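Breakdown of the fold
Residues per chain, in single letters:
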Amino acid sequence: MDPIDCTPPEYILPGSRERPLCPLQPQNRDWKPLQCLKVLTMSGWNPPPGNRKMHGDLMYLFVITAEDRQVSITASTRGFYLNQSTAYHFNPKPASPRFLSHSLVELLNQISPTFKKNFAVLQKKRVQRHPFERIATPFQVYSWTAPQAEHAMDCVRAEDAYTSRLGYEEHIPGQTRDWNEELQTTRELPRKNLPERLLRERAIFKVHSDFTAAATRGAMAVIDGNVMAINPSEETKMQMFIWNNIFFSLGFDVRDHYKDFGGDVAAYVAPANDLNGVRTYNAVDVEGLYTLGTVVVDYRGYRVTAQSIIPGILERDQEQSVIYGSIDFGKTVVSHPRYLELLERTSRPLKILRHRVLNDRDEEVELCSSVECKGIIGNDGRHYILDLLRTFPPDLNFLPVPGERLPEECTRAGFPRTHRHKLCCLRQELVDAFVEHRYLLFMKLAALQLMQQKASKMENSTSLENGSPPSLESKSEDPLGPEGSEEEGGSASGLAKVKELAETIASDDGTADPRSREVIRNACKAVGSISSTAFDVRFNPDIFSPGVRFPESCQEEVRDQKQLLKDAAAFLLSCQIPGLVKDCTDHVVLPMDGATLSEVMRQRGINMRYLGKVLDLVLRSPARDQLDHIYKIGIGELITRSAKHIFKTYLQGVELSGLSAAISHFLNCFLSSYPNPVAHLPADELVSKKRNRRRRNRPPGAADNTAWAVMTPQELWKNICQEAKNYFDFTLECESVDQAVETYGLQKITLLREISLKTGIQILLKEYSFDSRHKPAFTEEDVLNIFPVVKHVNPKASDAFHFFQSGQAKVQQGFLKEGCELINEALNLFNNVYGAMHVEICACLRLLARLHYIMGDYAEALSNQQKAVLMSERVMGIEHPNTIQEYMHLALYCFASSQLSTALSLLYRARYLTLLVFGEDHPEMALLDNNIGLVLHGVMEYDLSLRFLENALAVSTKYHGPKSLKVALSHHLVARVYESKAEFRSALQHEKDGYTIYKTQLGEDHEKTKESSEYLKCLTQQAVALQRTMNEIYRNGSSANIPPLKFTAPSMASVLEQLNVINGILFIPLSQKDLENLKAEVARRHQLQEASRNRDKAEEPMATEPEPAGAPEDAASQPQAAKDPPSPSLQG
């Protein structure tokens, strides 16, 4: 084996305190860009005059070659040739050499040798790069760091920027796209079969990503002051804009619209809620119901909503055009039969109750949405709904209502709390989880009652009349009914009866006896079902809406709905948050940074405003130490979110010329240890003659002031603690950044990354001395840019996703080849809909790579995983936790393919990124260090290997408890390295610790315990042999006759086997025959399981609902939240 350099950089070693930033984007210092030409631009003699047009001249180009020769080129219908024009003299006649070329490159090759040489090299380099490095991503991902780039002169770039970008689109006739027409037409495409659906989904995805890009550019132009308002006479906050057929409005409370809901704060939140509504209705996808294209952009402290324009809406008054819903929060309400019919179709999947409200004339009006939801028929005859900010029911924990008392779970936790605005809603995931929870309750109650009836029949044939309120649900109404109840199966026969009974009653054929109907009725009542014959829980989104009144006849229904909302609020606190903390304790989910923690919370329907409550629960948890990483991430998230709220208002007072100074000053106050940073006000190098003429295009809502410059670190941190208390109800024990780092074990570099990602700041890639007390960490030159943070709808490829899920299920059952085929099919469909780059394609490639690896095809695994890594870097970001995961998988496949140094470099990179994103003390770090230690052991770097393995042992012990099997494995790995070093005493000590754990956890007869016991014997023999030899040497000096000692250098196969074990792959490639036998065995077991399912799964919750269409990200495409579970058969 060739020697390879395995020494990691100092900052990667366990225990290093240094967190450099530069390695994040490694720069090649010697690399110089190849220059082919100095200048290539349109000539000043354009356009060709009439008589030259008639000679076929199309345009003139001006070129300065690398040899400093200035030439003028004519592009004509016959080709390119040199003409005799100069900078001051027009002469279109051909110059010598009179060479006519069909391609411009050929002509330039003729006149410039440097161009010929360099252009060929450039093309060669370009082709060698992987296509995934060059393909554009569907949605722009910005990096929060960037190296210092030389700004070179480029006339083409300059022209490009000003002809196509700055908002002149509407001045180029025929160029603007009618976004609304495109968005709605793609929705109307047929969808009867797979090819049609693929075509439709591809069109929808393409238009959405184009619209998002255009809306983002427009929003930036609006805030930068480059777009004229449609109401220029009003004050800046009130202004609205139209650019490129997109309507832009700012997140301020215009005309006191949100006065009763929290003013500007509510106006800031409303667009995000509205976008959630649009997402949801788009996912339900009802034919004939249309939503607006909506993008929410946060940029420079402002929130801009971009919407497509309903045809004809600008010519009419809003009062005339709204034919459904209310424009004044429920005072005047109108309805429309066609809208009721369309919305009725969405009410089941969205759990929305059809209900009646009173309008200002005390007439009853029927609605099937919240009153704010407006229906407008456009000039194109389509039925549009807009203002969907109240699609989901209100969150009573944050909406104190006089005279209403919340359940005890809520009051105990200090709710209800007054929030800044009254638009707090429950998330769709929570509504779905709550309904599923109620469904379970319903089944159990009904089964219980049926069994009581049966028992009383046996005792005496009198009927049971006590009607203890049970709970139940009709399967026929529930899309996944039948599987649901089998999953449950506790009192299998009881539940089966309930199911049968519910179906009979729902079909209403009169065969069910009255007592059984009574059971169902009682169960329905107990769970708050709106129907008495079938389970059906729905919410009325208008309950507790200020200004909405309900008719007298509905008072009972309203009372039930209020109770349901209270129960849902309590469910969030008593089930979802503890469930999240339990999942974190069991390491079912492993968030690594703020974004992945938010994702995990949202998947369970927990809003971010509950972050303080989650942290309280973590603090009180008996397994507090095992949740240390969650606590750190949570505190970091709390601090950076509070800082973001302050930064938003801070930026609104800054005008464009002072932006970099203001941002660097804020970062200094936030992160630098320098006690009194001074803001550098933009120097007035230019003295203007008339100082009193105020600048015209001020940013909206800003005054000409420098209030931002007086901020101090003390004041900022005081505000952050106050914000954390007010918004998250959490008390931070710190008055400065250094105290925060000290108290909570945070890292300044991690806080910098989090705040930059949240606010769109891009900083210069260099080393920052945060801890220097002599100079501030940031100067204004360090702030390179500020980017928009964009929220938009993410259209899904439904068919591809179903294939992906079926493939996963097959793999779980051990049918690897079938699973592989399905996943390949899913990959094709994903590519068909999304193009080449997408998060879900990344998940697909990762799973494919893993399958190929398990089936022994290492080359294919390597190729797929490499694509997954490249794609993750492009669509998630180069240091996203997902990308770190991908690096680890790639390292394993490289090692299996004998690329040892590559595997090590990849693992070192993964460790560096983990240190940057979180720090050392994370459960994931144990896995990483075990990987690194094993590879180093394989290349016989024993001392280095021990440093990593012993760190892994310490981390595992902390997060999994000293008695965990993971810790036993860790002890064994350390023992093996000590054995290779011939330090038998240490090896024996570690292996004994491992053996003890196996013995207590698995018993003496388990194969693991036996293996460990064998290994102990082997170690003892070697130790004795070594001791004998040493004694021999002591006795006889150097002349002793010593038999050579056998020290085992580990074989690559044994190292790979251990790597597979720690990475959860316990399936070593088998012969084809073995595979067939295994499949038969798995199939047999599967049938047995099916048969005993009713008995075994008594207590397990059942999947009653299909995956909610609107769930933001499925677990499959969020690998960092839920690790690829090794399939059962892979566990040997």
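Conventions adopted
Residues numbered from 1 in each chain as written. Predicted model: local features only at pLDDT ≥ 70, side-chain atom pairs only at ≥ 80, totals over all residues. Heavy atoms only, no water. Helix = DSSP H or I, 4+ residues; strand = E, 2+ residues; numbered from the N terminus. Buried < 20%, exposed > 50% of the residue type's maximum accessible area, 1.4 Å probe, protein only. Contact = heavy atoms within 4.5 Å. Areas by Shrake-Rupley, 256 points an atom, 1.4 Å probe, with all protein chains shown as cover. Salt bridge = Lys/Arg side-chain N within 4 Å of Asp/Glu carboxyl O. Pairing = 2+ DSSP bridges. Axes fitted to C-alpha atoms, helices over the stretch in contact; angles between N-to-C directions. Parallel < 35°, antiparallel > 145°, perpendicular 65-115°, else oblique. Left-handed = near helix turned anticlockwise from the far one by under 90°. Nonpolar A, V, L, I, M, F, W, Y, C, P; charged D, E, K, R; others polar. Patch = residues over 30% accessible without salt bridge, like charges linked within 9 Å, V, L, I, M, F, W, Y side chains within 5 Å. Phe/Tyr/Trp six-rings, centres within 6.5 Å; stacked < 30°, edge-to-face > 60°. Lys NZ or Arg CZ within 6 Å of the ring centre and 35° of its normal. Expected span 1.5 Å × (residues − 1). Core = buried A, V, L, I, M, F, W, Y, C linked by side-chain atoms within 4.5 Å.

Some points on the overall build of the protein chain
Along the backbone of the protein chain there are 35 helices and 18 strands. Within the protein chain, buried positions represent 52% of all 1132 residues. Considering only intrachain contacts with a sequence separation of at least 6, the fraction spanning at least 24 residues in the protein chain is 71%. Surface exposure of the protein chain reaches about 52,400 Å², of which carbon and sulfur atoms provide 53%.

Brief notes about the pattern of salt bridges
Tallying each qualifying case throughout the model produces 68 salt bridges. Note that Arg 846 and Glu 886 form a salt bridge whose closest N and O atoms lie 2.9 Å from each other. Of this pair, Arg 846 sits in helix α25 (residues 839-854) while Glu 886 sits in helix α27 (residues 881-896), and the two are 40 residues apart along the sequence. As far as burial versus exposure is concerned, Arg 846 and Glu 886 are alike and both buried. The shortest N-O distance in the salt bridge between Arg 1035 and Glu 1032 comes to 3.5 Å. Taken together, the residues Arg 1035 and Glu 1032, both in helix α33 (residues 1007-1036) and 3 residues apart, mark about one turn of the helix. The structure contains a network of salt bridges with shared partners spanning Asp 593, Glu 637, Arg 641, Arg 753, Glu 754, Lys 758 and Glu 879.

A few points about the sheet that holds strand β2 (residues 57-65)
Strand order across the open sheet formed by 4 strands is β1-β2-β3-β4, with antiparallel pairing between neighbours. Since the sheet does not close on itself, it has two edges, and those belong to β1 (37-42) and β4 (79-83), each with one partner. Each neighbouring strand pair of the sheet contributes to a mean axis angle of 25 degrees, computed without reference to strand direction. Sheet topology places strand β3 (residues 70-76) next to β4; 5 bridges connect them, and they run antiparallel. By the bridge assignment for β4, Ser 72 is matched with Asn 83. Docked against the sheet, helix α2 (residues 104-111) engages β1, β2, β3 and β4, running at close to 35 degrees with respect to β4.

Some points on unusual backbone geometry
That bond from Asn 46 to Pro 47 is cis: its omega, -15 degrees, falls within 30 degrees of zero. Inspection of the secondary structure assignment puts Pro 47 in the loop between β1 and α1 (50-53). Here the bond from Phe 415 into Pro 416 is cis, since omega is 0 degrees, no more than 30 degrees from zero. In this model, Arg 255 sits at a positive phi of 50 degrees, which is unusual for a non-glycine residue. A positive phi is found at Met 940, a non-glycine position, where the angle reads about 65 degrees.

Section: the sheet that holds strand β16 (residues 761-764)
Here 3 strands make up an open sheet; going across it, the order is β5-β16-β17 and the pairing mixed. Two strands bound the open sheet, and with one partner strand each, they are β5 (145-146) and β17 (783-786). In terms of strand pairing, β5 meets β16 through 2 bridges, oriented parallel. Pairing of Thr 145 across the sheet is with Ile 763, part of β16. Running over the sheet, helix α19 (residues 659-671) touches β16 and β17 and is turned about 105 degrees from β17.

Quick notes on the packing of α27 against helix α34 (residues 1052-1062)
Here α27 crosses α34 at 160 degrees, and the two axes come no closer than 10 Å. Looking at the two axes, α27 sits roughly antiparallel to α34. Crossing of α27 over α34 shows left-handed handedness. Only Met 1052, Val 1055, Leu 1056, Leu 1059 and Asn 1060 of α34 make contact with α27, whose side of the interface consists of Leu 892, Phe 895 and Ala 896. Partitioning the contact of α27 with α34 into residue classes produces 7 nonpolar, 1 polar and no charged.

Quick notes on the pairing of strand β12 (residues 355-358)
Of the strand pairs in this sheet, β12 and strand β13 (residues 364-367) are connected by 4 bridges, and their pairing is antiparallel. The residue bridging His 355 from the neighbouring strand is Leu 367, located in β13.

Remarks on a nonpolar patch on the surface
Taken together, the side chains of Leu 34, Val 121 and Leu 122 make up a nonpolar region of the molecular surface, amounting to roughly 200 Å² of accessible area. By the element assignment, Val 121 lies in helix α3 (residues 113-128). For Val 121, a relative accessible area of 37% puts it in the partly exposed group.

Remarks on the packing of aromatic side chains
Within the structure shown, the criterion is met by 35 aromatic pairs. A ring pair is formed by Phe 830 and Tyr 834, whose centres lie 5.7 Å apart and whose planes are at 10 degrees; its orientation type is stacked. Of the two residues, Phe 830 and Tyr 834 both sit in helix α24 (residues 816-834), 4 residues apart, roughly one turn of that helix. Residue classification places Phe 830 among the buried residues on the basis of a relative accessible area of 1%. With a relative accessible area of 5%, Tyr 834 lands in the buried category. In this structure an aromatic cluster arises from ring pairing among Phe 139, Phe 205, Phe 804, Phe 830 and Tyr 834. Seen from the ring of Tyr 290, Arg 382 lies directly overhead, with NZ or CZ sitting 5.5 Å from the centre.

Some remarks on α24
Between its terminal C-alpha atoms α24 stretches 26 Å, which fits the 27 Å expected from 19 residues at 1.5 Å a residue. Turning to α24, its buried residues are Leu 816, Gly 819, Cys 820, Ile 823, Ala 826, Leu 827, Leu 829, Phe 830, Val 833 and Tyr 834. Structurally, α24 contributes buried residues whose contacts are with α6 (194-223), α23 (798-812) and α25. Immediately downstream of α24, the backbone of Gly 835 shows phi near 85 degrees, a positive value.

So, the pairing of β16
The side chains of a regular strand alternate, residue by residue, between the two faces of the sheet. The pairing of β16 with β17 spans 3 bridges and is antiparallel. What sits directly across from Ile 761, in β17, is Ile 786.

Points about the nonpolar core
The biggest cluster of nonpolar side chains holds 268 residues, and the ones touching the most others in it are Phe 670 and Leu 732. Tallying contributions element by element places helix α15 (residues 555-585) first for this core, with 13 residues. Beyond its immediate stretch of four places on either side in the chain, Phe 670 contacts Ile 639, Thr 640, Ala 643, Leu 716, Trp 717, Ile 720, Val 737, Leu 751 and Ile 755. Residues Leu 37, Phe 80, Leu 82 and Leu 108 belong to the second largest nonpolar core, which totals 14 residues.

Side note on the packing of α23 against α24
Two elements in contact, α23 and α24, have axes whose closest approach is 8 Å; the angle formed by their N-to-C orientations is 165 degrees. One element, α23, and the other, α24, form an angle in the roughly antiparallel class. For the element pair α23 and α24, the recorded crossing hand is left-handed. In this structure, α23 uses Asp 799, Ala 800, Phe 801, Phe 803, Phe 804, Ser 806, Gly 807, Gln 808, Lys 810 and Val 811 to contact α24, whose residues at the interface are Leu 816, Glu 818, Gly 819, Leu 822, Ile 823, Glu 825, Ala 826, Leu 829 and Phe 830. Residues that form the contact of α23 with α24 fall into these classes: 11 nonpolar, 4 polar and 4 charged.

Describing α25
Given a rise of 1.5 Å per residue, 16 residues ought to cover 22 Å, and the 23 Å separating the end C-alpha atoms of α25 matches this to within 8%. Burial analysis of α25 places 15 of its 16 residues in the buried class, which makes it a mostly covered element. Once α25 finishes, Gly 856 follows within two positions and takes phi at roughly 90 degrees, a positive value.

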